[in-house]
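This is what each chain is made of:
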Amino acid sequence: MAETVQIDFTALKDAGAAPKGRGAKATGGTLVVLAGSDLAMSAETQAILGDAADLVKRAAATAKFKGASGSALDILAPAGLGFDRLMVIGTAKKPAKDAGKTAAPTAPDYVSLGGAIMGKIGGFPRVTVVFDLPEAPENPGAAAADAMLGMRLRAYKFDLYKTKKNDDDDKGDVRTVISIAVADPAGAKREAKNRDAVADGVTLARTLVNEPPNVLFPAAFADRAKELQKLGVEVEVLGEKELAKLGFRALLGVGQGSEFESKVVIMRWNGAKGAKGDKAKPVAFIGKGVCFDTGGISIKPAGGMEDMKGDMAGAACVVGLMHTLAARKAKVNAIGAIGVVENMPDGKAQRPGDIVKSLSGQTIEIINTDAEGRLVLCDVLWYVQEKYKPKFMIDLATLTGAILVALGSEYAGLFSNDDDLSGLLSKAGENTGEKVWRMPLGPSYDKLLDSKFADMKHVGGRHAGSITAAQFLQRFVNGTPWAHLDIAGTGMSSPSSDINQSWGSGWGVRLLDRLVADHYEG
Ligand code: BES
Ligand code: MN
Ligand code: ZN
């Protein structure tokens, strides 16, 4: 899965070999330097360029390169610089139309910058990036590490099933070896450690979403989750027999038309060793893992149905997040719980009109078998709150097409019974660029789930589809602080960006890792 980059940090003083500049180690390959508006460069960058600075100025004038973010100036390196190629990448953001001047860059800006750099240098074998910005960041080591994260996220490519890897549009196994030159490489390396854990978690989540549904059926998904044991995560897999005994009838109803066995996977990371009382209480993440969603008997139209292999993006995020937390040894007790099923039409499949008794004891009238996600989640939510008494539960699910209508791919829908948790999630969204938008809940929406025949029906009607789905889930959290993230618009098939070219985006790993790191550790 060709993550084809290898990145490390070196000192600025080793970065260049300009004749009258810094006579340091000449490494060949490509030299990348950064320039802000009107070609502003840091003093260090200019020193590294030495005589070549003048060449850059002239080339920039000819090419009308002014340092705008997203643009690059690509020139042959002059003899004596010690590199074959010289690239200047712009960092100057256009001020927003409604803002007087550009705001100071934040962490997501450095991540994006790293991604943009990777976008320009992907496929080059050897690259030295002088990461010394014209406007010095508050914490240069953290900014460089953020850029490294962005580079890794941008470099991700899922080509496991392409047998021809040398086409023009496919650079095959070319490796890009990148040195990021910074003032304090030791500091950047320290900061980079947890970013590597984050990149690994996002990569894992993306791959799970991208895998085809004949390969990643529920048991295979559970096996992938089991691999977290290598990192010290306890992983428990419940099969249909155990689930039936426990009473997961709503979840099992969804999978009963499939040849594949339904699974629930519980992952436990106990990183808050020695914590007592409230501090030891786990945080809990719950994911919808519908490995393929045909709609069941209420079958979906054929067009685009292949996308429903990604209907496990919530579960993929939970597995990726647990990977990240364990890999960076987060000081937190965390539960990851996923319901993994396949929704198929069949002689044995569930029907509209069926009534099932959920694990909570509440009965549910099935209206549309394509609203399967909430039936999977409701039993897992109930199980987690009852068994683990968590501080909070956050579920992620590609739950409704309606959230795409409301928010598109920019924001995930956030629904919550807790203003504090909701606020922290919104903040984490701004700090990572994985943004959430809070949507309303309330008794009048809840009422839409009243049923003639059972305690509730599981679909509320045509309007406010994402909200009634969330209202349904809320009936299974038993008062636990809870947030639901509807990621149907962000988890898959979202437009590519500086930091993501993959169909499966791995959305949510960075958001929830940030939430834990900022508020629930130590
Ligand atoms: N997995 C779908 C939602 C979805 C749609 C995810 C598009 C990603 C992209 C979900 O199971 C579903 O089918 N929801 C129905 C609910 C309806 C039947 C009440 C929907 O949104 O149409
Ligand atoms: Mn569905
Ligand atoms: Zn679905």
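Thresholds, definitions, all that
Residues numbered from 1 in each chain as written. Chains lettered and ligands numbered in written order. Predicted model: local features only at pLDDT ≥ 70, side-chain atom pairs only at ≥ 80, totals over all residues. Heavy atoms only, no water. Donors = N, O, S within 2.8 Å, 3.2 Å for Na, K, Ca; no water. Tetrahedral: all angles 85-135°; square planar, octahedral: opposite > 155°, others 65-115°. Buried < 20%, exposed > 50% of the residue type's maximum accessible area, 1.4 Å probe, protein only. Domains from an automatic or database assignment. Contact = heavy atoms within 4.5 Å. Buried area = accessible area lost by both parts, 1.4 Å probe. Salt bridge = Lys/Arg side-chain N within 4 Å of Asp/Glu carboxyl O. Polar contact = N/O pair within 3.5 Å; in protein donor to acceptor, adjacent residues only side chain to side chain. pLDDT = per-residue confidence, 0-100. Helix = DSSP H or I, 4+ residues; strand = E, 2+ residues; numbered from the N terminus. Near = heavy atom within 4 Å. Areas by Shrake-Rupley, 256 points an atom, 1.4 Å probe, with all protein chains shown as cover. Nonpolar A, V, L, I, M, F, W, Y, C, P; charged D, E, K, R; others polar. Expected span 1.5 Å × (residues − 1). Arc of directions from axis to C-beta. Pairing = 2+ DSSP bridges.

Asp-293 (OD), Asp-370 (O), Asp-370 (OD) and Glu-372 (OE) make up the full set of protein donors to the manganese ion (ligand 2), lying at 2.1 to 2.2 Å. Relative to the metal, the 6 donor atoms surrounding the manganese ion (ligand 2) lie at angles of 72 to 167°, and the coordination shape comes out irregular. Mapping the donors of the manganese ion (ligand 2) onto the primary sequence yields the spacing D-x76-D-x1-E. For the pair the manganese ion (ligand 2) and the zinc ion (ligand 3), the metal-to-metal distance amounts to 3.1 Å, and Asp-293 bridges them. For Asp-370, a relative accessible area of 22% translates into the label partly exposed.

Here the focus is the domain arrangement of the chain. In terms of domain boundaries, the chain breaks down into domain 1 (5–185) and domain 2 (199–519). For domain 1 and domain 2, the distance between their C-alpha centres works out to 38 Å. Domain 1 puts 15 residues into the contact, and the matching count from domain 2 is 20 residues. At the boundary of domain 1 with domain 2, total buried surface from both sides reaches about 1,400 Å², with 60% on carbon and sulfur atoms. Considering only the side of domain 1, the residues that lose the most area to domain 2 are Leu-153, Arg-154 and Tyr-156, jointly responsible for 44% of the buried surface there. In this assembly, domain 1 and domain 2 are joined by 2 salt bridges. Arg-152 is the salt-bridge partner of Asp-200, the closest N and O atoms lying 2.6 Å from each other. In this assembly, domain 1 and domain 2 are joined by 6 residue pairs in polar contact (both at pLDDT 80 or more).

Turning our attention to the coordination of the zinc ion (ligand 3). Donor atoms from the polypeptide that bind the zinc ion (ligand 3) are Lys-288 (NZ), Asp-293 (OD), Asp-311 (OD) and Glu-372 (OE), placed at 2.0 to 2.4 Å. Around the zinc ion (ligand 3) sit 6 donor atoms; with metal-centred angles ranging over 78 to 175°, the donor geometry is octahedral. Each donor residue of the zinc ion (ligand 3) lies on one chain, and together they are spaced K-x4-D-x17-D-x60-E. With a relative accessible area of 2%, Asp-293 lands in the buried category. Here Asp-311 falls in the buried class, since its relative accessible area comes to 2%.

This part covers the confidence of the model for the chain. Averaged over every residue, the pLDDT of the chain is 94; residues scoring 70 or more account for 94%. Here residues 18–24 is a poorly scored stretch, pLDDT under 50, and it has 26 contacts once near neighbours within four places are set aside; other chains count.

For the structure on display, the rule yields 28 salt bridges. Of the charged contacts in the structure, one is a salt bridge between Asp-498 and Arg-154, with a shortest N-O distance of 3.9 Å. Note that Asp-498 is positioned in the loop between strand 17 (482–486) and helix 15 (509–519) and Arg-154 in helix 4 (residues 140–155), a separation of 344 residues in sequence. On the accessibility criterion, Asp-498 (36% relative accessible area) is partly exposed. A salt bridge links Arg-475 to Asp-446; the nearest nitrogen and oxygen atoms lie 3.0 Å apart. Taken together, the positions of Arg-475 in the loop between helix 14 (465–474) and strand 17 and Asp-446 in helix 13 (residues 443–446) put the pair 29 residues apart, joining distant regions of the chain. A relative accessible area of 21% means that Asp-446 is categorised as partly exposed. Residues joined by salt bridges that share partners form a network here, namely Asp-446, Lys-447, Asp-450 and Arg-475.

Bringing the site of ligand 1 into the picture now. Around ligand 1, the surrounding shell holds 17 residues, and the nearest of these are Lys-300, Asp-311, Asp-370, Glu-372 and Gly-401. In this structure, Lys-288 approaches ligand 1 through a side-chain N or O atom, which is 3.2 Å from an oxygen atom. The backbone of Gly-401 places a nitrogen or oxygen atom 2.7 Å from an oxygen atom of ligand 1. In the complex, 77% of the free accessible area of ligand 1, which totals 520 Å², lies under the protein chains. For the shell around ligand 1, a count of residues per class yields 6 nonpolar, 4 polar and 7 charged.

As a further point, take helix 6 (residues 218–226). What helix 6 keeps buried is the set Pro-218, Ala-220, Phe-221, Ala-222 and Ala-225. Structurally, helix 6 contributes buried residues whose contacts are with helix 5 (185–210), strand 7 (234–238), strand 8 (263–270), strand 9 (283–293), helix 9 (313–327) and strand 10 (333–343).

Attention now moves to helix 12 (residues 419–432). Compared with the 20 Å implied by 1.5 Å per residue over 14 residues, the 20 Å span of helix 12 between its first and last C-alpha is a close match. Of all the positions in helix 12, only Leu-421, Ser-422, Leu-425, Ala-428, Gly-429 and Thr-432 are classed as buried. The buried residues of helix 12 occupy one face: seen down the axis, they fall within an arc of 125°. Across helix 12 from its buried face, at more than 90 degrees, point the exposed residues Asp-419, Asp-420 and Glu-430. Where helix 12 is buried, its residues touch helix 3 (107–121), strand 13 (393–397), strand 14 (411–416), strand 15 (435–438), strand 17 and helix 15. At the N-terminal boundary of helix 12, the capping side chain belongs to Asp-418, with an oxygen 3.0 Å from the backbone nitrogen of Asp-420. Immediately beyond the C-terminal end of helix 12, within one or two residues, lies Gly-433, with a positive phi of roughly 85°.

Take the environment of Lys-164 next. Note on placement: Lys-164 falls in the loop between helix 4 and strand 6 (176–182). Counting along the chain gives 250 residues from Lys-164 to Leu-414, while the straight-line C-alpha distance between them is 42 Å.

Strand order in this open sheet of 3 strands is 11-12-16, and the pairing throughout is mixed. What marks the edges here is a single partner per strand, and that holds for strand 11 (355–357) and strand 16 (456–457). Both strand 12 (residues 363–365) and strand 16 contribute to a ladder of 2 bridges, which runs parallel. Note on strand 16: the bridge partner recorded for Glu-365 is Lys-457.

Looking now at unusual backbone geometry. Despite not being glycine, Lys-64 shows a phi value in the positive range, around 55°. Assignment of secondary structure puts Lys-64 in the loop between helix 2 (52–63) and strand 3 (72–76). Assessed through its relative accessible area of 67%, Lys-64 is described here as exposed. One non-glycine residue, Asn-478, lies in positive phi territory at about 55°. By the secondary structure assignment, Asn-478 is in the loop between helix 14 and strand 17.

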